[in-house]
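Coordinates in review
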Amino acid sequence: MEDYLKKLENELSAIEQLASQGGVNGFFGQEALRFYSIAGTLLESFKCDKSASVDERYITHILSRSILENYFWIIYLFDDPAQTEVRYTGMVDAFKRD
């Protein structure tokens, strides 16, 4: 996992530029930065194996769920390029309603 995180770190400047954009591509960039931050915190601050304490599991599960939920949103948004903008607009509108 750490090798993948290192590869992502090498792309941070490009991801930061993407995150500064608006729309669906900016959302992707922001989520990639959030993933990098949370995944790095999980790997450096907590035991993420069978030896983790109950308290560590509570915290890591909450943080993991946070990044996994948006991972599935990203898959949904970009799965069909013809529907990406429509799906993104729908997601933003639903967020506004909630």
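Report on the accompanying structure. A quick note: this is a predicted structure, and the numbers were derived from the prediction, not measured.

Next up on the list: the pattern of salt bridges. Here the structure, examined in full by the defined rule, presents three salt bridges. Of the charged contacts, one joins Lys-6 and Glu-9 as a salt bridge, the two residues approaching to 3.8 Å between their closest N and O atoms. Linking Lys-6 with Glu-9, this pair stays in helix α1 (residues 2-10), spanning three residues, or about one helical turn. With relative accessibility at 44%, the residue Lys-6 sits in the partly exposed group. We classify Glu-9 as partly exposed; its relative accessible area is 36%.

Moving on to the environment of Leu-8. Looking at the element boundaries, Leu-8 is found in helix α1. The class of Leu-8 is buried, set by a relative accessible area of 19%. Considering only alpha carbons, one finds Leu-8 and Tyr-36, 28 residues apart in sequence, at a separation of 7.3 Å.

Using the criterion set out here, one finds four aromatic pairs in the structure. Plain terms: the ring middles of Phe-28 and Phe-78 are 5.8 Å apart, the flat faces sit at 75 degrees to each other, and that makes the pair edge-to-face. Of this pair, Phe-28 sits in helix α3 (residues 23-45) while Phe-78 is found in helix α4 (residues 54-78), placing the two residues 50 residues apart along the sequence. Owing to a relative accessible area of 35%, Phe-28 belongs among the partly exposed residues under this scheme. The exposure class of Phe-78 is partly exposed, given its relative accessible area of 31%. Look at Tyr-71 and Phe-72: their rings are 5.3 Å apart centre to centre, the planes differ by 75 degrees, and that puts the pair in the edge-to-face class.

What counts and what doesn't
- Numbering of residues starts from 1 in each chain and follows the order in which that chain's sequence is written.
- At least 70 in pLDDT is required for a residue's local features to be given in this predicted model, at least 80 for side-chain atom pairs to be given and counted, and no such filter applies to totals for whole chains, interfaces and linings, which use all residues.
- To obtain the side-chain values, all non-hydrogen atoms of the structure were used and water was disregarded.
- The term salt bridge refers to a pairing of a side-chain nitrogen on Lys or Arg with a carboxyl oxygen on Asp or Glu at a separation within 4 Å.
- Helix numbers and strand numbers start at the N terminus; a helix is a DSSP run of H or I with at least 4 residues, a strand a run of E with at least 2.
- Three exposure classes are used, based on accessible area relative to the maximum for each residue type with a 1.4 Å probe and protein chains only: buried under 20%, partly exposed in between, and exposed over 50%.
- Note on ring pairs: Phe, Tyr and Trp rings are taken, using the six-membered ring of Trp, and paired if centres are within 6.5 Å. Classes follow the plane angle, with under 30 degrees stacked, over 60 edge-to-face and the rest tilted.

Shape is all these values report; function is a separate question.
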